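Here is how the chains run, residue by residue.
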Amino acid sequence: MKKIRDSRFELLRIVAMLLIVASHFSAQSVIYWSHSNTLLETIKLMYFDILGQPGAIVFFIISGYFAFQSDDFSKQKEKAKNQVKKTWSKTWFYSVSILVLVWLIFGRPGLKQIAMAVLPFSFNEYWFISCYLILIAVSPWLNKLIKTMQYNEFRNLLVVLFILMFPALLNGGIINNLVLAFAGYLSGAFIKRFKDRIDNISSKTIVWTMIGVYVLMLISVACAKIIGISMYHSGHFTHFPLSYILALCIFILFSRMKPFKNKTINLLASGAFAVYLITVQPLMVPILWNNIVHIKIYQNMGILIPFITILISVIIYICCALLDIVLVRIYRSVKMMFRGARSI
């Protein structure tokens, strides 16, 4: 009998992906909306954008938290191999499928766009997926290291990784994103192994830490604007250290919820990966926000904008997740048909 997943963490996957989608809404509003370019306007447009990276880090933390499903090294390697294969295949499928649809509906894209769709990892368009693939590929060896470390050693390693996030602020790229991914994965494992110590931190402290970090993020956006960084990149200094702390707080709070199981939540959470793949595909981005969402019409909604951002993010998530659920079921049905035909 298939084990039903703990819906606390499935709900967390949904929330984390909603943060990512909402951050994309915020980033696209900077592109499509006309704005005064003032300090206050920058903060108003970016308050959701700065939540995207914490949402991505949460997924790395979840992976680390569930790292020890088996003590058998061979089984871990086989599972990692299958996960990498499945993730790579799904990424390539959605990237190429969107390319074909765009080509049929809007005409042939440029050669670079075609190359980016066919070779999605070669152009660093999916930093989150690239880091995830590398992380999962080496996870069996990481898990061996995790099992040998005592509390102080483990804590010191996380401190070193946290310090390495500060130079990353000066120069982004795949290596720096990998530091973030490994820190998230190891933090998840640390929280699982030393749960009794983490439990000594009160939920009230964690909530106030979240509020403080978010305020610091907004201040960093203001500072970036003051020193002349463009509005689109003004959330740069919220990346890495602050995003990492916020992601840890979010994860710990969800892990303290009472365990429960809900099939609807678990089903919708299974489509979270596809939501990301669809919404960040380079050819899909302008179509989604300009042609489907019509983001320009929401510019003058005033205080309703935060609620509209959340609502649209939820709608996008549900539509993409349901599409993926249907496609997965069709794929499984076809696969079973072929297996049945071979056995005849």
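Residues numbered from 1 in each chain as written. Predicted model: local features only at pLDDT ≥ 70, side-chain atom pairs only at ≥ 80, totals over all residues. Heavy atoms only, no water.

1. Considerations on helix α4 (residues 73–106)
Then, in step 1: Compared with the 50 Å implied by 1.5 Å per residue over 34 residues, the 49 Å span of α4 between its first and last C-alpha is a close match.
Then, in step 2: Residues Q76, A80, T87, K90, T91, Y94, S95, V96, I98, L99 and V102 constitute the buried set of α4. (Helix = DSSP H or I, 4+ residues; strand = E, 2+ residues; numbered from the N terminus. Expected span 1.5 Å × (residues − 1). Buried < 20%, exposed > 50% of the residue type's maximum accessible area, 1.4 Å probe, protein only.)

2. So, the packing of helix α1 (residues 7–32) against helix α3 (residues 52–65)
Then, in step 1: Close contact between α1 and α3 brings their axes to 7 Å; oriented N to C, the two are set at 155 degrees. Classed by the angle they form, the pair α1 and α3 counts as roughly antiparallel. As α1 runs across α3, the sense of the crossing is left-handed. Contacts from F9, L12, R13, A16, M17, L19, I20 and S23 in α1 reach G52, G55, A56, V58, F59, I62 and Y65 in α3. (Axes fitted to C-alpha atoms, helices over the stretch in contact; angles between N-to-C directions. Parallel < 35°, antiparallel > 145°, perpendicular 65-115°, else oblique. Left-handed = near helix turned anticlockwise from the far one by under 90°. Contact = heavy atoms within 4.5 Å.)

3. What about the nonpolar core?
Then, in step 1: Membership of the largest hydrophobic core comes to 102 residues, with the highest contact counts inside it found for M17, F154, Y276 and W289.
Then, in step 2: The dominant element in this core, judged by the number of residues it contributes, is α1, at twelve residues.
Then, in step 3: If we ignore the near neighbours within four places in the chain, the residues touching F154 are I146, M149, L186, A189, F190, R193 and F194. (Core = buried A, V, L, I, M, F, W, Y, C linked by side-chain atoms within 4.5 Å.)

4. Quick look at empty space enclosed by the protein
In this approach, a probe sized like a water molecule rolls over the atoms, and the result shows the empty space that is left.
Then, in step 1: Counted under the stated rule, the structure contains one cavity of 30 Å³ or more.
Then, in step 2: Its volume calculated, the largest cavity comes out at about 70 Å³.
Then, in step 3: Lining the largest cavity we find Y65, I191, K195, I198, D199, I252, S255 and R256.
Then, in step 4: Residue composition of the lining of the largest cavity, grouped by class: four nonpolar, one polar and three charged. (1 Å grid on protein atoms, 1.4 Å probe; cavity = no way out; pocket = protein on both sides within 12 Å on 5 of 7 lines; lining within 4 Å. Points joined across faces, edges and corners; volume = space filled by probe spheres on them. Nonpolar A, V, L, I, M, F, W, Y, C, P; charged D, E, K, R; others polar.)

5. Topic: the state of the cysteines
Then, in step 1: What the rule picks out here adds up to zero disulfides.
Then, in step 2: No disulfide involves C320; its nearest neighbouring cysteine sulfur is the one of C319, lying 6.7 Å away. (Disulfide = S-S within 2.5 Å.)

6. Regarding the pattern of salt bridges
Then, in step 1: Counting across every chain of the model gives five salt bridges.
Then, in step 2: Salt-bridge contacts for E10 lead to R5; the nearest nitrogen and oxygen are separated by 3.6 Å.
Then, in step 3: Of the residues examined, E10 reaches a relative accessible area of 4% and is grouped as buried.
Then, in step 4: With its nearest N and O atoms 3.1 Å apart, the salt bridge here joins D324 to K90. Taken as a pair, D324 in helix α15 (residues 305–343) and K90 in helix α4 lie far apart in primary sequence, 234 residues in all. The two residues D324 and K90 agree in class, both being buried.
Then, in step 5: Beyond isolated ion pairs, a larger network of salt bridges with shared partners links R5, E10 and R13. (Salt bridge = Lys/Arg side-chain N within 4 Å of Asp/Glu carboxyl O.)

7. As for a positive patch on the surface
Then, in step 1: The grouping of K81, K85, K86, R329, R332 and K335 at the surface amounts to a positive patch.
Then, in step 2: Put simply, the parts of the chain that give the positive patch at least two residues each are α4 and α15. (Patch = residues over 30% accessible without salt bridge, like charges linked within 9 Å, V, L, I, M, F, W, Y side chains within 5 Å. Areas by Shrake-Rupley, 256 points an atom, 1.4 Å probe, with all protein chains shown as cover. Lys, Arg positive; Asp, Glu negative; His and termini not counted. Charge placed at Lys NZ, Arg CZ, Asp CG, Glu CD.)

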